[in-house]
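Tertiary structure, described
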Amino acid sequence: MMLILDLILRLALWLLLAPLLPGLINRVKAWVAGRRGPPVLQLYYDLARLWRKGVVMSTLASPGFVAGPAVAWVALTGAALLMPLGPAGAAFSFRGDVLMLIYLLALARFCTAWAAMETGSAFEGMGAAREVSYAVLAEAAIITAVLSLSVQTGSVSLVTMLAPSAGAGAVLLAAGLFTVLLAENCRVPFDDPNTHLELTMIHEVMVLDHSGPPFAVILHGASMKLLLFAVLLVQAVLPMGDLSPLAATGALAGGVLAVTVGVGLIESLMARLAFRRVPLLLTTAFLLCLFALLVAWKGNRV
Amino acid sequence: MNETLNLFIGLAMGLNLLALGSSRLPSLIQAMSLQGMLLGLMPLIMEHEHLDWRLGLIALATIAGKGVVIPTLLRRAMRAANIDREIEPFIGFVPSLLLGAAGTIAAVALSQALPLLPEHAGLLLVPGAIASVLTGFVLLIGRAEAISQVCGYLILENGIYLFGLLLIHSTPLVVEFGILLDVTVGVFVIGIIVDRIQRAFDSLDTRKLTALRE
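Residues numbered from 1 in each chain as written. Chains lettered and ligands numbered in written order. Predicted model: local features only at pLDDT ≥ 70, side-chain atom pairs only at ≥ 80, totals over all residues.

With that out of the way, let us pick up the overall build of chain B. On a plain count of helices and strands, chain B comes out with 7 helices and 0 strands. In chain B, the succession of helices and strands from N to C terminus is α-α-α-α-α-α-α. Here the C-alpha atoms of chain B give a radius of gyration of 18 Å, agreeing with the 17 Å that 2.2 N^0.38 yields for 214 residues. Taken along the three principal axes of its C-alpha coordinates, chain B extends 60 × 35 × 25 Å. (Helix = DSSP H or I, 4+ residues; strand = E, 2+ residues; numbered from the N terminus. Rg over C-alpha atoms; globule rule 2.2 N^0.38 Å.)

Now for the overall build of chain A. Counting secondary structure elements, chain A contains 12 helices and 0 strands. Secondary structure elements of chain A, listed N to C terminal, follow the sequence α-α-α-α-α-α-α-α-α-α-α-α. Against the globule reference of 19 Å for 302 residues, chain A gives a C-alpha radius of gyration of 19 Å, in line with a compact fold. By principal-axis analysis of the C-alpha atoms, chain A measures approximately 60 × 50 × 40 Å.

Note that Tyr-103 of chain A resides in helix α5 (residues 97-118). Taking the C-alpha atoms as reference, Tyr-103 of chain A lies 30 Å from Leu-265 of chain A; in sequence the two are 162 residues apart.

This part covers the packing of helix α1 (residues 2-21) of chain B against helix α5 (residues 125-142) of chain B. All names here are of chain B. Put simply, α1 and α5 touch, their axes get as near as 10 Å, and they point 10 degrees apart. The angle between α1 and α5 falls in the class roughly parallel. Here the hand of the crossing between α1 and α5 comes out left-handed. Contact residues: Ile-9, Ala-12, Met-13, Asn-16, Ala-19 and Leu-20 in α1; Leu-125, Gly-128, Ala-131, Ser-132, Thr-135, Val-138 and Leu-139 in α5. (Axes fitted to C-alpha atoms, helices over the stretch in contact; angles between N-to-C directions. Parallel < 35°, antiparallel > 145°, perpendicular 65-115°, else oblique. Left-handed = near helix turned anticlockwise from the far one by under 90°. Contact = placed C-beta atoms within 7 Å.)

Taking 1.5 Å of rise per residue, 26 residues should cover 38 Å, and helix α10 (residues 212-237) of chain A covers 38 Å from first to last C-alpha, within 8% of that figure. Most of α10 of chain A sits out of view: 23 of its 26 residues are buried. (Expected span 1.5 Å × (residues − 1). Buried ≥ 20, exposed ≤ 12 C-beta atoms within 10 Å, placed from the backbone.)

Right, let's get into the environment of Cys-111 of chain A. All names here are of chain A. Tracing the backbone through its elements, the reader meets Cys-111 in helix α5. With 23 C-beta atoms counted inside 10 Å, the residue Cys-111 sits in the buried group. For Cys-111 and Gly-176, which are 65 residues apart along the polypeptide, the C-alpha to C-alpha distance reads 26 Å. Filtering out sequence-adjacent residues up to four positions away, Cys-111 remains in contact with Gly-68, Val-71, Ala-72 and Ala-75.

Contact residues are listed per partner, giving 9 residues for chain B and 8 residues for chain A. Every element with two or more residues in the side of chain B that touches chain A is listed here: α1 and α4 (93-113) of chain B. Here the side of chain B that touches chain A takes 6 residues from α4 of chain B, the largest share from any one element.

As a further point, take the confidence of the model for chain B. Residue and element names in this part refer to chain B. Residue-level pLDDT values for chain B average 85, and 97% of them are 70 or greater. Confidence, expressed as mean pLDDT per element, reaches its minimum in chain B at helix α7 (residues 173-201) with 82 and its maximum at α5 with 92. Prediction confidence for the complex, expressed as pTM and ipTM, is 0.87 and 0.78 respectively. (pLDDT = per-residue confidence, 0-100.)

Let us now look at unusual backbone geometry. Residues and elements named next belong to chain A. Cis geometry marks the peptide bond from Val-188 to Pro-189, where omega comes out at 5 degrees. Looking at where Pro-189 falls in the secondary structure, it is placed in the loop between α8 (170-184) and α9 (203-206). Backbone geometry at Cys-186 places phi at a positive 55 degrees, although glycine is not the residue there. Secondary-structure assignment places Cys-186 in the loop between α8 and α9.

Attention shifts here to the environment of Glu-119 of chain B. Residue and element names in this part refer to chain B. Considering the arrangement of structural elements, one finds Glu-119 in the loop between α4 and α5. In this structure Glu-119 comes out as exposed when scored by C-beta crowding, with 9 C-beta atoms within 10 Å. With 47 residues separating them along the chain, Glu-119 and Leu-166 place their C-alpha atoms 9.9 Å apart.

This is the structure in structure tokens:
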């Protein structure tokens, strides 16, 4: 009974808190630009509005057009349940669950790309091609980051991996993971979430033909992915296991807030990167994680 | 002391990679001058127990020379030539970044195999020196822009300086000043040459220098 209650609480926390992050980012951007900006809860209103609307289906599209976003959302929710939340631990934890997390994220990406190509539009195919080609580099970086955490703690389970801090390589790891967060969630400098110019969009292009509830599911999934990466970044860097439960919860919440504000600040202060320079930045992220891995490895042997 | 020194050398190694990855000349010069300043501080950290005015003078001269004078000369040459962007290099930015990272890792691995003095074994001085020299070579070979090649040469020299810090007790002061003076004069001359290249060829692309003209 307690188990079910715990699961429901956890799900509610993830599902209800996630749409807050894009609102906060927009609020920071508006504040820096001196505008009033949309309300923080804007994404909730958008989701409610989209949920009531009908769906426009292409005659070419197979059921995969709707199944893709659904599977992607379920995969992201599953990944969220694997992620430990400070002192509360994870809903499900087993040996090697970190690999499960990476593969669930990959599955979500595959399904979004698949649904994008269902309409048969060359335009969305282009977006999908861009998304997956960046993902190859971003995934190399995140796998290296996970490896460095696992070498540091000598464990392959998320709960024990994320409890201590990342040690001497924490700064490198934080910079690398933050870059991956920006790339994976299609934020500036990799992609501009506000643009609708066909040649510059990545994520936006893939979801252009979706409407109604499937689109709401895609938007909600994207916000959950952002929260997931923020939580991962904060827990990888801060020594969660050494703090008292209350302090750890506060540190986690404060850290996620700081990451969100950081994304907003970067988005206001930086321009989008030229398209052919993106692999350079992703390679830098990979190298940062690689050097964090080396530091962890060398530190353990000494 | 060792931790602080290793942190500084680690930062210098990071600046190497930044220099390899930057496509704009101002950020390349910035990385190089920051590295020069870090290097200037290192003798003070190594010898913080018995500081004297000569050591302070070396540090001050190095910081002023590598961190201020040389970058100013280069920036002036860059403004006179009216460029701030690197021409597409022979070795692209991603491959040169990967080369630099592989070089850094190889330098760390190599220095463990070298027979170092016991007091130098825990330091990153030797790997930092080798990594900087390699970075300098990659920049010298891989870049097409004259000013980037100069930066490569200066990072190479920074590597040699790092190596020279191992001999801090036995090198006379005059040698340090001589090297610094040589480098500064070299960059001064190169600034003039860059201006001449720009006037003669309307570009700083060194590939054009191989073509004969009337």
